[in-house]
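Observations on chain architecture
What follows is the residue order along each chain.
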Amino acid sequence: MKIKLAVAGVAIMLLFGGCDNQLEVRDRAFVQGAAIEYDDGYTVRLKLFDNEGFYDGKGKTFEEAVKNAGLSHGKDVFTGHTEIVVIRKNESDAILDSLVNEDISTGCIVVFDEDPVKYVEENDTEELVDIISGRERNGTEQKKSIRRIINDR
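Residues numbered from 1 in each chain as written. Predicted model: local features only at pLDDT ≥ 70, side-chain atom pairs only at ≥ 80, totals over all residues. Heavy atoms only, no water.

1. A word on the pattern of salt bridges
Between side chains of opposite charge, pairing is possible as soon as their charged atoms come close. Applied cut-off: In the sections that follow, a salt bridge refers to a side-chain nitrogen of Lys or Arg positioned within 4 Å of a carboxyl oxygen of Asp or Glu.
Under the definition given, this model contains 10 salt bridges. Among the ionic pairs, Glu136 bridges to Lys143, the shortest N-O distance being 4.0 Å. Put simply, Glu37, Arg88 and Glu91 are held in one network by salt bridges that share partners.

The structure is reproduced here in structure tokens:
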């Protein structure tokens, strides 16, 4: 009798305790590279891993800009696997300080360019990461990560 009650209890839990609020992978946009500009608010252009093109967003905070970029495509944007961010040198302190509190890894590569959006549009982010990582392995260049730049200030 106890076994039947236990089985019934487990069955009820499985039926009614499902994964209704879970976000499916297909409903997420995984960011590979990001152009980030700051001028009285954030403007982002996000390059995705699956080559779906670019997602653009604006907001008062970085988080809001990313969220707005996803809303226009009906996807939840995930920045936790971002490999490279491109920013202007003169905006780096404000942007990097805000990124420390976001999902982006502090090991993410940082590239400085005067036109971050154009840079992300015209360059293959995967290839850039491979080149920069290769140069670091060969000792010809030190990778600039969010963590390294903040620690060197």
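2. So, the packing of aromatic side chains
Heads up, the rule is: What counts as a ring pair is set by centres within 6.5 Å for rings of Phe, Tyr and Trp (its six-membered ring), and what kind of pair is set by the plane angle: stacked under 30 degrees, edge-to-face over 60, tilted for all other angles. Numbered from the N terminus, helices here are DSSP runs of H or I no shorter than four residues, and strands are runs of E no shorter than two. A simple rule labels every residue: compare its accessible area, found with a 1.4 Å probe on the protein chains alone, to the largest value its type can have, and call it buried under 20%, exposed over 50%, or partly exposed in between. Remark: a charge is flagged as sitting over a ring if the NZ atom of Lys or the CZ atom of Arg is within 6 Å of the ring centre and within 35 degrees of the ring normal.
Here the structure, examined in full by the defined rule, presents 3 aromatic pairs. Aromatic pair Tyr42 and Phe62: ring centres 6.4 Å apart, planes at 75°, arrangement edge-to-face. One end of the pair, Tyr42, is in strand E2 (residues 42-48); the other, Phe62, is in helix H2 (residues 62-71), and 20 residues separate them in sequence. Here the two residues Tyr42 and Phe62 agree in accessibility, since each one is buried. Members of the aromatic cluster, each reached through a chain of ring pairs, are Tyr38, Tyr42 and Phe62. Over the ring of Phe54 we find Lys47; its NZ or CZ atom is 5.7 Å from the centre of that ring.

3. Some points on the nonpolar core
In plain terms, the rule: For our purposes a nonpolar core is just a set of buried Ala, Val, Leu, Ile, Met, Phe, Trp, Tyr and Cys residues, chained together by side-chain atoms within 4.5 Å. The contact criterion used throughout is that any non-hydrogen atoms of two residues lie within 4.5 Å.
Counting residues in hydrophobic clusters, the biggest one holds 24 residues, and the most contacted among them are Ile36, Leu46, Phe62, Val85 and Leu99. When contributions to this core are tallied by element, the ones reaching two or more residues are strand E1 (28-38), E2, H2, strand E5 (84-87), helix H3 (92-99) and helix H6 (146-151). Beyond its immediate stretch of four places on either side in the chain, Val85 contacts Ala34, Ile36, Leu99, Ile104, Cys108, Ile109, Val110 and Val111.

4. Comments concerning the environment of Gly80
Structurally, the position occupied by Gly80 is in the loop between strand E4 (76-78) and E5. For Gly80, a relative accessible area of 21% puts it in the partly exposed group. Each C-alpha atom, one on Gly80 and one on Gln32, is 9.2 Å from the other, the two residues being 48 residues apart in sequence.

5. With respect to the confidence of the model for the protein
What counts here: Each residue carries a pLDDT value, the predictor's own confidence for that position, ranging from 0 to 100.
Within the protein, residue pLDDT values average 84, and 82% of them lie at 70 or more. Confidence scores differ between elements of the protein, with helix H1 (residues 2-16) showing the lowest mean pLDDT of 55 and E5 the highest of 95.

6. Considering unusual backbone geometry
Residues other than glycine predominantly adopt negative phi, and peptide bonds predominantly adopt the trans conformation. Non-glycine residue Asp40 carries a positive phi angle of around 55°. Note that Asp40 resides in the loop between E1 and E2.

7. Concerning H2
An α-helical turn contains 3.6 residues, so any two residues separated by three or four positions project in the same direction. Short version of the rule: The arc in question is the one traced by the directions running from the helix axis out to the C-beta atoms.
Turning to H2, its buried residues are Phe62, Ala65, Val66, Ala69 and Gly70. The buried side chains of H2 occupy one side of the element, clustering within an arc of 135° when seen end-on. The exposed residues of H2 that point more than 90 degrees off its buried face are Glu63, Lys67 and Leu71. Structurally, H2 contributes buried residues whose contacts are with E1, E2, strand E3 (54-59), E4 and H3.

8. Comments concerning a negative patch on the surface
Inclusion rule: The patch calculation keeps residues exceeding 30% relative accessible area without a salt bridge and links them within 9 Å when they carry like charges or within 5 Å when they are nonpolar (Val, Leu, Ile, Met, Phe, Trp, Tyr). Accessible surface area values rest on a Shrake-Rupley calculation with a 1.4 Å probe, where residue burial reflects the displayed protein chains alone. Counting rule applied: Lys, Arg positive; Asp, Glu negative; His and chain ends not counted. Positions of charges follow a simple convention, taking NZ of Lys, CZ of Arg, CG of Asp or CD of Glu.
A contiguous patch of negative charge, built from Asp124, Glu126, Glu127 and Asp130, is present on the exposed surface. Position of Asp130 relative to the elements: it lies in helix H5 (residues 125-138).

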